[in-house]
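Coordinates in review
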Amino acid sequence: MLRRAVIAISLIVGLLSAPDTYALTQQSDNDNDFQNIDEQLKRVRHKVFRGMYHTVIDGDSVMMIVFNDIDVFPPLRFKNKKQEEYYWRTVRDVRKALPYAKLISETLTETYEYLQTFQSEKERKAYLKEMEDEVFNQYKPVLKRFTKGQAKILVKLIGRETNQSGYDILKAFLGTTRAVFYHGFGKLFGVNINSKYNPIKNKDDATINRIATLIEQGQL
């Protein structure tokens, strides 16, 4: 359980602690990348059907199918080619980052509860540091394939899933000093881990939310 949680933390830290993580130009995903992403996205899809039952209407037995809530968005209308390219590039990047944002969200609560079982702060920090290094080495090949734009979107999706910024999460688990360091280091590479997710006021966040919701509903 704790191992999965530290994976989540290390994914955030990893995006900000290795300069070779950031590609200065957009990278195209090859066929293997698409296959791997499709496998990961199976874990984030929501079930469309909640269930079914039979009832009697006007003397006839009728099967009723119950759907889970489905969000419906207005049709897309692009003002120009550049705006359309931006949208589909964001679709690609959200598809890649969303499974990792889900992983972080799913493990934060259990991590916090588990860490309370340690007898001292020293033990807690030592174990987190050990696991952080081990898991980051394991996931570094994945992180290195994230572009700068994908790193930014991952930070936004973390906010969407946890209602916390990446900075808040690092501060809670790794302490203020290291959170401040990674925040400053990330800004050098154009990634603000303290950026707030607000799809109501921020049109880019609204686009990310639309895409993530459609992915969860199996529509992208």
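Residues numbered from 1 in each chain as written. Predicted model: local features only at pLDDT ≥ 70, side-chain atom pairs only at ≥ 80, totals over all residues. Heavy atoms only, no water.

Some words on the overall build of the protein chain
Counting its regular elements, the protein chain contains 8 helices and 2 strands. Counting the 220 residues in the protein chain, one finds 41% classified as buried. Within the protein chain, contacts between residues at least 6 apart in sequence are counted, and of these 77% link residues at least 24 apart. Accessible area for the protein chain stands at about 13100 Å²; split by element, carbon and sulfur atoms hold 52% of it. (Helix = DSSP H or I, 4+ residues; strand = E, 2+ residues; numbered from the N terminus. Buried < 20%, exposed > 50% of the residue type's maximum accessible area, 1.4 Å probe, protein only. Contact = heavy atoms within 4.5 Å. Areas by Shrake-Rupley, 256 points an atom, 1.4 Å probe, with all protein chains shown as cover.)

Observations concerning the pattern of salt bridges
Taken as a whole and judged by the stated rule, the model has 7 salt bridges. A salt bridge links Arg160 to Glu161, with the nearest nitrogen and oxygen atoms 2.7 Å apart. Here Lys196 makes a salt bridge to Asp168, at a shortest N to O gap of 3.6 Å. Separated by 28 residues along the polypeptide, Lys196 in the loop between α7 (176-188) and α8 (203-216) and Asp168 in helix α6 (residues 166-174) bring together distant segments of the chain. Judged by its relative accessible area of 51%, Lys196 is exposed. Overlapping salt bridges, with partners in common, bring together Lys102, Arg160, Glu161 and Glu216 in one network. (Salt bridge = Lys/Arg side-chain N within 4 Å of Asp/Glu carboxyl O.)

With respect to the pairing of strand β1 (residues 49-57)
Strand residues, when the strand is regular, have side chains that alternate between the two faces of the sheet. Across 8 bridges, β1 lies against strand β2 (residues 60-67) in antiparallel orientation. The partner of Met52 across the bridge, within β2, is Ile65. Between β1 and β2, which pair antiparallel and follow one another directly, the connecting turn spans 2 residues, one of which, Asp58, has a positive phi of 55°. (Pairing = 2+ DSSP bridges.)

A look at the packing of aromatic side chains
Under the counting rule described, the total for this entry stands at 3 aromatic pairs. Measuring from centroid to centroid gives 5.6 Å for Phe78 and Tyr87, while their planes differ by 50°, and the two rings are tilted. Residue Tyr87 is classed as buried on the basis of its relative accessible area, which comes to 5%. Both rings, one in Tyr100 and one in Phe146, keep their centres 5.7 Å apart while their planes meet at 70°; by these two values the pair is edge-to-face. Here Tyr100, found in helix α3 (residues 81-115), pairs with Phe146, found in the loop between α4 (121-143) and α5 (148-162); they are 46 residues apart in sequence, far enough to count as distant. Using a relative accessible area of 9% as the deciding quantity, one classes Tyr100 as buried. (Phe/Tyr/Trp six-rings, centres within 6.5 Å; stacked < 30°, edge-to-face > 60°.)

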